[in-house]
Amino acid sequence: MFFKSRCVVALSVCAASLFSAQTLAEKPSAESVVQHYSDLAHAIYEDSLLTAQQLQVAIDEFLSKPSAEGLLSAKAAWKAARVPYQQSEVFRFGNPVVDDWEGQLNAWPLDEGLIDYVEQGSYQAELGNVGANANIIANTSLQLGANTLDTQKLTPELLASLNELGGSEANVATGYHAIEFLLWGQDLNGTAPGAGSRPFTDFIAGDACTGGACERRREYLRASSQLLIDDLQYMVKQWDKTVADNYRAELLAMSAKRGLSRMLFGMGSLSLGELAGERLKVALEANSPEDEHDCFSDNTHYSHFYNGLGIRNVYTGEYQRSDGRRLSGPGIMALLVTKDETLANNVLSSMNKSQASLQKLVDSAERKDSPEAFDQLIAEGNTRGAKLINASIQDLVAQTQQIELAAKSLGIDNLNPDNADHDF
Amino acid sequence: MHYFSKIGGACFGTTGMSICSILSGLVLSLCSNSVIAEELKPDRSRVSPKGVHSFSQPAANMPLMRRLDFSVGNSFFRNPWVAAPASTDARDGLGPLFNTNACQNCHIKDGRGHLPHGDSDNAVSLLLRLNVAGAKDIPMDAPNKADPIYGGQLQDFALPGLAAEGQISIRYEEKTIELADGSQRQLRKPIFSIRDLAYGPLHEHTTISARIAPAMVGLGLLEAIPKTRLRALADPEDRDQDGISGRINAVWDIKKQSLQAGRFGWKAGQPSLEQQNAGAFNGDMGIRSSLFPNENCTTRQKACADMAERGDLKKLEVSDNILEQITFYTRNLAVPKRRKPNDKEVVAGEAIFERLGCSGCHTPEHNTAEDYPLSWLAASRIAPYTDLLLHDMGPELADDSQEFIAQGNEWRTPPLWGLGMIREVNGVEALLHDGRARDAEEAILWHGGEGAQANARYRQLNKSEREQLLAFLYDL
């Protein structure tokens, strides 16, 4: 696939160039590092928005004349949109403006029965989840306890209001994974090869419609891709330097140490709790595709890889934009190098190592001869798969230890979200 | 003044310190603890409230490296368990009989359960305990005599091919309470019964006790309160004659093979979080662990046992490793910080809380043990507003259900921390063991027995005093 080879090359090149550049450049200030972090966030969200708009174009084209090819190109656009978005997740933890917002875009796992038809017995929904079999696409009203909810018109606002319906986190009506489910359908292969394979005819209005309620499925797909764009536009504005009273302004008005703390907490949280924990270890321990991040498309390997790259971006200050341009500026490394050069290099090595491990998950899924996707690697008894995933987990743990050391060296003793909200 | 001598913990509060020193000549033995208090750290585990996610955050001072365990525990707490055998190997083993398929379904958003909202809602987030009233010859390791057919708990779900034990029916008795100023309050009392009993009638003396799932926050800190502290607070004979006689439940600890102080559950029937969790896995989801190695089928439920035998009974359904991760998770869910502790109304309400005698059981503060295994939760001054003791709560709340030494009218004081965030997390409050109280005021008005005096004093308050007290409670 596209980014694979370029990334590997990019890593070694930029490791070398960074190093020489920084030893020569004058000492960056903590303020300039937090400022560049905001620029990075803005660029990454802008790319997320641009690729989401391309996804919307592909979806509109597909819906205007449904065909197998049209569905394929919408799927390709979805995968491309994941590249910047997954790199943006490092901004989620530590920055409340992102954390409070992101559920509507990237919540998972989801009870797909909330949205559309499902194969009976294909997965276990949460008991007591009022939305588990709601099938919004097939129903113009939902009975929830004593209340009846009108779902006649599938607007972005309505879909957003259905998230976490009845208090269940599995009720995810919007975002990348809802769109993913609409494009791919359920992956009924379990831990065997293959992703979801929804027929394009599910989107044909009229007699050729399969799966029922095609008109509403089309409406759902349109509304959810529109909501994604609305949400990303909001976040781009939050990091835009030409806007006066946004989150960027708030962040830059804080002490630089507080900003650094948010940056490092975000890196450590994504690295350890989210990626190594929720997305790798949980799936492996449960041996369950239900715990797989991009479970309909089997794009999980790239999701994980770009999560890891996002962490590295914040450290090095480097980001390769969707159009290939390179954004660079002082990252945490530039600051650390002036305090403890050995540590600065150790942190970078730990990140290169975890990137290499995550790359192996990509290689496994993308190789031509008998590829093994993430949902096959987690199968019970797949010792080779477990070894690959465990290597990624261990490298991410080691990387997080290095991030903690980096924080200490920068005067931040205890990385936690509440410290990130207060001065030390 | 006797409230202070009773609670002791006030010695450690910021306001309590000064009172403590004034009283030092009078109650020397209690206040000598204040020397230790100086070495304690404040509770740094509390987190900023985060809307609907306010009960789902790890302790703020949990080391970052432990987020891996927290996340894994979280996922096993949240995601549904499935029937064995399944591709989801580590999460299979649900049933044959069960109440629900994931912890989170009852502890909604790590918060509370609720009564069904009307007829079309389900009763997933509550359960019914069953036991034979007045039974003799109860073995030391059993909480009570379970119903001979249905066991200690009604399971209202079953795997395909097996009948669920029965379904929960609820009707409400309404009553009107008049406060001293003439204003009226409507209270509702749920009356539970079981319909569609699938395995024959209940034992003639079997009683039904409804239990709502409580919020999950601060549990590690409650576990860390030293046993010596509970002993110091207990006053079974009411020697200080304040009308409050807290008792420590004596419950069977499976690992220690001995009776230990009960801490968790509505009647303090479990000694540790690990055993509480393993017990819930077994009773609520039909999942076997090393602590509870048997399926929850009684000897009279042969179809259930037969179905269980089709699986691999040698293999535990929740491994020790995963149980440990879930226990880690439940120990670390943090209590949200108070929002406005210095607000004038809130401070006035706190004084009323003391004056009414609420703190006689809802003990404001404790010090956690220095040797608690999670160092960040150890040796801290915490404010849960509970004494973890059993109290007679009067006939209106009594349910004839026994749990070790806890009698039908006895309930463990529930902690009040986090009370003010319940509505935000769960939409409704559903307070007290069966969720009957729709808000804190209704909960107060239901207090009987040892709480009757506080209730009576509450009814005497004027409107603004009531509002102040509630402002305090909802700030917790």
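Residues numbered from 1 in each chain as written. Chains lettered and ligands numbered in written order. Predicted model: local features only at pLDDT ≥ 70, side-chain atom pairs only at ≥ 80, totals over all residues.

> How should I be thinking about the overall build of chain A in this particular structure?
Across its full length, chain A carries 16 helices and 4 strands. The C-alpha atoms of chain A give 22 Å as radius of gyration, which agrees with the globular expectation for 424 residues (22 Å, within 12%). (Helix = DSSP H or I, 4+ residues; strand = E, 2+ residues; numbered from the N terminus. Rg over C-alpha atoms; globule rule 2.2 N^0.38 Å.)

> So what exactly am I meant to see when it comes to the overall build of chain B here?
Helix and strand content of chain B: 16 helices and 13 strands. Whereas a compact globule of 476 residues would reach a radius of gyration of roughly 23 Å, chain B reaches 22 Å, a difference of no more than 12%. Based on the C-alpha atoms only, the size of chain B along its principal axes is roughly 70 × 55 × 45 Å. Counting every position in chain B, which comprises 476 residues, the buried fraction comes to 55%. Partitioning the intrachain contacts of chain B with sequence separation of at least 6 by distance along the chain shows that 67% fall at a separation of at least 24. (Buried ≥ 20, exposed ≤ 12 C-beta atoms within 10 Å, placed from the backbone. Contact = placed C-beta atoms within 7 Å.)

> Would you mind showing me how to read the sheet that holds strand β11 (residues 380-382) of chain B here?
Strand pairing in a sheet relies on backbone hydrogen bonds, with the paired strands running either antiparallel or parallel. Residue and element names in this part refer to chain B. In space, the 3 strands of this open sheet follow the order β1-β11-β10, with mixed pairing throughout. Among the strands making up the open sheet, the edge pair consists of β1 (41-42) and β10 (366-367). With 2 bridges joining them, β10 and β11 adopt antiparallel strand pairing. Residue pairing in the sheet places N367 in a bridge with R381 of β11. (Pairing = 2+ DSSP bridges.)

> How should I be thinking about the interface of chain B and chain A in this particular structure?
The parts lose accessible area when they come together, and the size of an interface is often stated as this lost area. Facing the 37 residues of chain B at the interface are 38 residues of chain A. Here the side of chain B that touches chain A gets 7 residues from one element, more than from any other, and that element is helix α5 (residues 67-78) of chain B. Classifying every residue of the side of chain B that touches chain A gives 14 nonpolar, 17 polar and 6 charged. (Nonpolar A, V, L, I, M, F, W, Y, C, P; charged D, E, K, R; others polar.)

> Even after reading the chapter, I still don't get unusual backbone geometry, so can you show me in this structure?
Generally, phi is negative for residues other than glycine and the peptide bonds are trans, each holding for most cases. For the bond from W108 of chain A to P109 of chain A, the omega torsion is -15°, close enough to zero to count as cis. With respect to the element layout, P109 of chain A can be found in the loop between α5 (103-106) and β1 (141-144). Backbone geometry at A379 of chain B places phi at a positive 45°, although glycine is not the residue there. Within the element layout of this structure, A379 of chain B appears in the loop between β10 and β11. The partly exposed category is assigned to A379 of chain B, around which 17 C-beta atoms lie within 10 Å.

> Would you mind going over the packing of α5 of chain B against helix α11 (residues 320-332) of chain B with me for this structure?
Helix-helix packing: each pair is described by the crossing angle between the helix axes and the interaxial distance. Residue and element names in this part refer to chain B. Where α5 contacts α11, the two axes come as close as 7 Å, and the packing angle between them is 100°. Between α5 and α11, the angle is such that the two are roughly perpendicular. Residues D69, F70, V72, G73, N74, F76 and F77 of α5 form the contact with α11, whose own contacting residues are I322, Q325, I326, F328, Y329 and N332. Its residues assigned to classes, the contact of α5 with α11 shows 8 nonpolar, 4 polar and 1 charged. (Axes fitted to C-alpha atoms, helices over the stretch in contact; angles between N-to-C directions. Parallel < 35°, antiparallel > 145°, perpendicular 65-115°, else oblique.)

> What's the story with α5 of chain B in this structure? I'm lost.
Think of an α-helix as 3.6 residues a turn; residues three or four steps apart then line up on the same face. For α5 of chain B, spanning 12 residues, the distance from its first C-alpha to its last is 16 Å, which sits close to the expected 16 Å at 1.5 Å a residue. Counting buried residues along α5 of chain B, 12 of its 12 residues qualify, which places the element largely inside the surrounding structure. Along α5 of chain B, the positions that sit buried rather than exposed are R67, L68, D69, F70, S71, V72, G73, N74, S75, F76, F77 and R78 of chain B. In this structure, the buried residues of α5 of chain B make contact with α10 (256-286) and α15 (383-409) of chain A together with α6 (103-106) and α11 of chain B. (Expected span 1.5 Å × (residues − 1).)

> I would appreciate a short explanation of the confidence of the model for chain B in the present structure.
Low pLDDT marks stretches whose predicted atomic positions should not be read closely. Residue and element names in this part refer to chain B. Here chain B averages 89 in pLDDT, while 90% of its residues score no lower than 70. This model gives residues 1-38 a pLDDT under 50, and the stretch forms 50 contacts once residues within four places in sequence are excluded. The complex model carries a pTM of 0.84, and its ipTM stands at 0.75. (pLDDT = per-residue confidence, 0-100.)

> Help me understand the pairing of strand β7 (residues 206-212) of chain B, please; the structure alone is not making it clear to me.
Consecutive side chains along a regular strand alternate between the two faces of the sheet. Residues and elements named next belong to chain B. In terms of burial, β7 is largely enclosed, as 6 of its 7 residues are buried. When strand β3 (residues 126-132) meets β7, the two strands line up antiparallel, connected through 7 bridges. Across the sheet, V132 pairs through a bridge with T206, a residue of β7.

> Teacher, can you tell me more about helix α10 (residues 302-309) of chain B here?
Residue and element names in this part refer to chain B. Every buried residue belonging to α10 is among C304, M307 and A308, and all of these are buried. Around the axis of α10, the buried residues are gathered within 100° of arc, so they sit on the same side. For α10, the exposed residues lying more than 90 degrees away from the buried face are K302, D306 and E309. Along its buried surface, α10 packs onto β2 (97-98). (Arc of directions from axis to C-beta.)

> Hey, could you run me through the packing of α10 of chain A against α5 of chain B in this one?
In the contact formed by α10 of chain A and α5 of chain B, the axes pass within 8 Å of each other and the chain directions differ by 45°. Classified by the interaxial angle, the pair formed by α10 of chain A and α5 of chain B is oblique. In terms of crossing hand, the pair formed by α10 of chain A and α5 of chain B is right-handed. In contact with S269, L272, G273, A276, G277, E278, K281, V282 and E285 of chain A of α10 of chain A, α5 of chain B contributes R67, L68, F70, S71, V72 and S75 of chain B. Classifying every residue of the contact of α10 of chain A with α5 of chain B by side-chain character gives 6 nonpolar, 5 polar and 4 charged. (Left-handed = near helix turned anticlockwise from the far one by under 90°.)

> Would you explain the environment of K255 of chain B in this entry?
In this structure, K255 of chain B sits in the loop between β8 (250-253) and β9 (258-261). Sequence separation of K255 of chain B and Q325 of chain B is 70 residues, and the distance between their C-alpha atoms is 17 Å.

> Looking at this model, I keep getting lost on the environment of H304 of chain A. Mind explaining?
Residues and elements named next belong to chain A. In this fold, H304 is placed in helix α11 (residues 300-316). By the C-beta count within 10 Å, which is 25 here, H304 ends up buried. Aside from chain neighbours lying at most four places away, what touches H304 is L275, R279, L280, L358 and L361.

> Can you walk me through the pairing of strand β6 (residues 184-195) of chain B in this structure?
All names here are of chain B. Sheet topology places strand β5 (residues 167-178) next to β6; 12 bridges connect them, and they run antiparallel. Bridge pairing links Y172 to P190 in β6. Between β5 and β6, which follow one another and run antiparallel, lie 5 residues, and G182 among them has a positive phi close to 90°.

> Sorry, what's going on with the environment of A430 of chain B here?
All names here are of chain B. Locating A430 in the fold gives a position in the loop between α13 (422-426) and α14 (440-446). With 216 residues separating them in the primary sequence, A430 and P214 have C-alpha atoms 9.6 Å apart. Discounting residues that sit within four places of it in the chain, A430 has contacts with R112, G113, H114, L115, I212 and G435.

> Just checking my understanding: could you explain the confidence of the model for chain A for this structure?
Residues and elements named next belong to chain A. Averaged over all residues, the pLDDT of chain A equals 90, while 91% of them reach at least 70. Considering only residues more than four positions removed or in separate chains, one finds that residues 1-24, a stretch of pLDDT under 50, has 18 contacts. Residue range residues 419-424 is modelled with pLDDT below 50. Its contacts to residues more than four positions away, or to other chains, number 11 contacts.

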